[in-house]
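Geometric and topological summary
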Amino acid sequence: MEVEENPLNDLLKSFGNKIDNAAVDSDSDSSEPVDEGSDNEEDMVECEEDQENDSVSNSDEDDYDVEKSSNFKNHSLNDNETKKKYTENDTADDGENAKQINIVFKDKNEEDDQTEQEDAGHVNDPFSIHLNHDLDSNLYEVLTTTPVSNEIGQLTWPCLGNLQYEIPKTKNEESMCKKEELTLLNKQTFAASGKPPRLISKVNWNELYVKSMIQNNLLRANSDNLPANVNETSSPLTQLQKELFSVMNQYQDLLYCQRNFNNESQIRYIYCLHAVNHILKTRTKILHHNAKIQKAKLSDMSEIPDEYRDQGLVRPKILILVPFRRSCLKIVELLISIFIGEDKGGSVINKSRFMQEFGGNEISMPKRNPKPEDYELTFKGNTDDTFKIGISITKKALKLYSDFYSSDIIISSILGLRMTIGAVGEEDRDFDFLASIEMLIMDQMEVFLMQNWDHLIHVLDHLHLQPKSSHNADFARVRSWCVEGRSKYYRQTLMFSSLKLPEINAIFNKKCHNYAGKVRVVNPVLSGTINQVLVPIPQIFHRFDVRDHSKAIDTRFEFFISKILPEFKETIMNHTLIFVPSYFDYTKLRNYFRKEELSFCQICDYTPDPKVARARDMFFHSEKHFLLYTERFHFFRRLRVKGIRHIIFYGPPTFPQFYSEMCNLMQEGYLNPKSGSTSNMTVTTIYCKYDALQLSSILGNEMTGKMINANKAVKMVMSERK
């Protein structure tokens, strides 16, 4: 009989590195026993430094009996060198100080009954249902065909409202359930197609397959989001959390664009719970199989059963992208509360350093002329946007600043990760640690648009690429679908934003390929921010027609200079502010104004403070006719520009509150009384059909639909005095 070729051979040959079969003894997804030893030694150094503030235990010895070789009995790290190394790098370089260790497994403590049943084919946990099996050829063909053939449906839930789900389906109805095919060697079970999300009726942690070791911590960790009189008989989740977890726990992608300052802590808690639960299940499965392999004394790759494939090509499993250090701080605090709790002894390694680097540095808000409430809440705490941190979880310890290849969770800003990934041609670049991400969480996505959206796209483009080296991976334990380059079809993506934007929808549509399907919340906007305009002024909306999205930029520019701008060149139309959402459009307008020698000043993201003050002064005192003003500058600074009598929105603002905010700067108290009349004030907005999402947040869905489909291209709305 012909022997079937091992599917791992191609990948093994590409690395050219010798694979050490002894790596199966490691307590990590990346199977790096040497690095794990160095983690333990460095942890003890940091524990001594932070002993006043941190509750520390020798966590690695909870998992293994560790016997250090005699060569390192008297070895110690220099504290100053350690601190210097940590200061220069966000992640500790554990490999530089690696130690040799002998590991003895405690088999009886690491074997898990549920994993034993799953290996026997009795799978009920959504985690294992989603990750354990390969895709059959029919479902894989559907996923790789553009457009994907989806079953589309809608649901209505009490809190989330209207949900739209899309589930990849094959023409053959057999894919509705797990398919089994007989080969010459064995029987193979394939992954089941996704199902419409089911709402959790009652929260029972055991029935939801939440790990028992964290169940007692959950009520306390979520106490800020629950009523004050909550007790053990009450629901441990709010209605919003219950509905979000109903989708998350089925490992389907989720897009939720109704995040706000009132529900942000509820959202953050539920995805942190889901992340910790995922890591603990992964760890339990790996330790169980480690113990079984040790007990059976298996040493050859061919002897290890396929059921023991429980790892990726590298260890990191969860990537969380957030815009600011304060956001990372809140997430880590929740991870600690969920995993360790407050009443039990536990270990948080490097906590003091983390609190020092991620706390403080808060922006001082002015008291005399306070900023808008949403600005103060957005930029509360440490708003540095250049950071990245690896987190590893052991039996009773959570280690911060672990090396990426020894980490379970990576939390980063898009800029921090972009700098690590680098660009083509750069020597010092690394993105192998993104090869086996199983869960991607992106929170506050609207802020990414104001930072640099290209950085986010760059990060997403480097997920699930074939690693350049093996990183000591034990290929006998790597899931076959991971080796075959199909990891993106198993990755769950959770996206949270306060705004509905085309860029966010594009990522959800084109970058999320989860075979279990995707769910988005699609509630209409009933009342837009135009109702918050306090000044009784005519607001005119001009529509230009364009058939192709790629031509919208040029068509908008031509429409502006031919139809709109000529009306505002007259002296009577001075004090005109042009609000430009896109920096690309801003540079195009600026170059045109310079070429035509128009009277204008400019304020953009890169304008230094002295020039900002000068531009505002010239605009207020009628020295300049136009002021070019970018939305990104307004987002980060929120200045009150005085002297505005006419506003041209070159496109609907990305943030709908900016529309009413800018219009309200035309109140009498902000005007120059010597340069015009209150009867000569207008607001003009240019839009096309591709601006529907932004426009609906300003006008509401009903009015936006009528305006886009109307025969007339001009619509005037007159706000009333309030």
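Residues numbered from 1 in each chain as written. Predicted model: local features only at pLDDT ≥ 70, side-chain atom pairs only at ≥ 80, totals over all residues. Heavy atoms only, no water.

Some points on the overall build of the protein
Of the regular secondary structure elements, the protein holds 26 helices and 22 strands. By residue count, 56% of the 722 residues in the protein fall in the buried class. Within the protein, contacts between residues at least 6 apart in sequence are counted, and of these 78% link residues at least 24 apart. When the accessible surface of the protein is split by element, carbon and sulfur atoms take 46% of a total near 32,800 Å². (Helix = DSSP H or I, 4+ residues; strand = E, 2+ residues; numbered from the N terminus. Buried < 20%, exposed > 50% of the residue type's maximum accessible area, 1.4 Å probe, protein only. Contact = heavy atoms within 4.5 Å. Areas by Shrake-Rupley, 256 points an atom, 1.4 Å probe, with all protein chains shown as cover.)

A word on helix 22 (residues 609–620)
Here helix 22 contains 12 residues, and its C-alpha end-to-end distance of 17 Å stays within 8% of the 16 Å for a straight helix at 1.5 Å per residue. On its buried side, helix 22 packs onto strand 17 (576–580), strand 18 (600–603), strand 19 (626–630) and helix 23 (631–637). After helix 22 finishes, the residue S622 shows a positive phi value of roughly 65 degrees. (Expected span 1.5 Å × (residues − 1).)

Side note on the confidence of the model for the protein
Counting all residues, the mean pLDDT for the protein is 84, and 82% of those residues have values of 70 or more. Counted against residues more than four places away or in other chains, residues 15–108, with its pLDDT under 50, gives 184 contacts. The low-confidence segment residues 173–177 (pLDDT under 50) makes eight contacts with residues lying over four places distant or belonging to another chain. (pLDDT = per-residue confidence, 0-100.)

Section: the layout of surface pockets
Rolled over the atoms, a probe sized like a water molecule indicates the empty space that remains. In this structure, the second largest pocket occupies an estimated 1,300 Å³ of space. Lining the second largest pocket are 36 residues, with L449, E503, P581, S582 and D585 positioned closest to its centre. Counting only elements with at least two residues in the lining of the second largest pocket, the list comes to helix 16 (445–451), helix 17 (453–461), helix 19 (502–510), helix 20 (552–564), helix 21 (583–595), helix 23 and helix 25 (692–699). Here the lining of the second largest pocket is built from residues that sort into 19 nonpolar, nine polar and eight charged. Structurally, the lining of the second largest pocket is a two-domain feature, drawing no fewer than three residues from each of domain 1 (243–521) and domain 2 (527–718). (1 Å grid on protein atoms, 1.4 Å probe; cavity = no way out; pocket = protein on both sides within 12 Å on 5 of 7 lines; lining within 4 Å. Points joined across faces, edges and corners; volume = space filled by probe spheres on them. Nonpolar A, V, L, I, M, F, W, Y, C, P; charged D, E, K, R; others polar. Domains from an automatic or database assignment.)

A short note on the sheet that holds strand 22 (residues 714–718)
Strand order in the open sheet formed by seven strands is 18-19-17-20-21-16-22, with mixed pairing between adjacent strands. Of all the strands in the sheet, just strand 18 and strand 22 have a single pairing partner and so form its edges. When the angles between neighbouring strand axes are averaged without regard to direction, this sheet yields 20 degrees. With four bridges joining them, strand 20 (residues 646–649) and strand 21 (residues 682–687) adopt parallel strand pairing. Bridged to H646 within strand 21 is T682. With respect to the sheet, helix 22 is in contact with strand 17, strand 18 and strand 19, its orientation differing from that of strand 18 by roughly 140 degrees. Those strands touched by helix 26 (residues 701–709) are strand 16 (538–543), strand 21 and strand 22, and its axis lies near 50 degrees from that of strand 16. (Pairing = 2+ DSSP bridges. Axes fitted to C-alpha atoms, helices over the stretch in contact; angles between N-to-C directions.)

Re the pattern of salt bridges
Opposite charge on two side chains lets them pair, provided their charged atoms get close. Applying the stated rule across the entire model yields 24 salt bridges. A cluster of three or more residues bridged by salt bridges with shared partners is formed by R259, E264, R268 and D443. (Salt bridge = Lys/Arg side-chain N within 4 Å of Asp/Glu carboxyl O.)

Observations concerning the pairing of strand 20
It is a general feature of regular strands that their side chains alternate between the two faces of the sheet. Here strand 20 shows two buried faces, one formed by H646 and I648 and the other by I647 and F649. In this structure, strand 17 lies alongside strand 20, joined through four bridges in parallel fashion. What sits directly across from T576, in strand 20, is H646. As for the winding sense of the linkage, the β-α-β connection from strand 20 through helix 24 (residues 657–664) to strand 21 is right-handed. (Right-handed = clockwise from strand over helix to strand, strands pointing away.)

Comments concerning the nonpolar core
One finds L273 and I411 to be the most contacted residues of the largest nonpolar core, which totals 79 residues. Here the element with the most residues in this core is helix 11 (residues 264–296); it accounts for 10 residues. Other than its neighbours up to four places away in sequence, I411 contacts I320, V322, C328, I331, V332, L335, F387, K388, I389 and I391. Core analysis: the next-biggest nonpolar cluster, separate from the first, contains 76 residues, L255, F619, F635 and L665 among them. (Core = buried A, V, L, I, M, F, W, Y, C linked by side-chain atoms within 4.5 Å.)

Brief notes about the environment of I698
Tracing the backbone through its elements, the reader meets I698 in helix 25. Given the relative accessible area of 1%, I698 is considered buried. Once the C-alpha coordinates of I698 and Q657 are considered, the two residues, 41 residues apart in sequence, prove to be 7.9 Å apart. Among all residues touching I698, those that are not within four sequence positions of it are G528, T529, I530, P652, P653, P656 and Y659.

A closer look at the packing of aromatic side chains
For any pair of aromatic rings, geometry is given as the distance between the ring centres together with the angle between the planes. Under the counting rule described, the total for this entry stands at 29 aromatic pairs. A centroid spacing of 5.8 Å and a plane angle of 90 degrees characterise the contact between Y140 and Y489, whose relative ring orientation is edge-to-face. You can see Y140 sitting in helix 8 (residues 137–144) and its partner Y489 sitting in the loop between helix 18 (480–483) and strand 14 (492–496), a full 349 residues away along the chain. Taking the relative accessible area as the measure of exposure, Y140 reaches 27% and is therefore partly exposed. Look at F579 and Y629: their rings are 6.2 Å apart centre to centre, the planes differ by 45 degrees, and that puts the pair in the tilted class. Of this pair, F579 sits in strand 17 while Y629 is found in strand 19, placing the two residues 50 residues apart along the sequence. A relative accessible area of 0% means that Y629 is categorised as buried. Feature note: the residues F324, Y375, F379, F635, F636, F655 and F658 constitute an aromatic cluster, connected by ring pairs. Lying over the aromatic face of F508, K518 brings its terminal NZ or CZ to 5.0 Å of the ring centre. (Phe/Tyr/Trp six-rings, centres within 6.5 Å; stacked < 30°, edge-to-face > 60°. Lys NZ or Arg CZ within 6 Å of the ring centre and 35° of its normal.)

Some thoughts on the packing of helix 25 against helix 26
For any two helices packed against each other, the geometry is given by the interaxial angle and the distance between the axes. Direction vectors running N to C along helix 25 and helix 26 enclose 130 degrees, while the axes themselves pass 7 Å from each other. In this view, helix 25 runs oblique relative to helix 26, as classed from their interaxial angle. For the element pair helix 25 and helix 26, the recorded crossing hand is right-handed. Residues A692, L695, S696 and L699 of helix 25 touch helix 26, and the partners they reach there are N701, M703, T704, M707 and I708. A per-class count over the contact of helix 25 with helix 26 returns six nonpolar, three polar and no charged. (Parallel < 35°, antiparallel > 145°, perpendicular 65-115°, else oblique. Left-handed = near helix turned anticlockwise from the far one by under 90°.)

Brief notes about unusual backbone geometry
Cis geometry is found at the peptide bond from T146 to P147, where omega equals -5 degrees. Unlike most non-glycine residues, Q444 shows phi in positive territory, near 55 degrees. Considering the arrangement of structural elements, one finds Q444 in the loop between strand 13 (439–442) and helix 16. Here Q444 falls in the buried class, since its relative accessible area comes to 8%.

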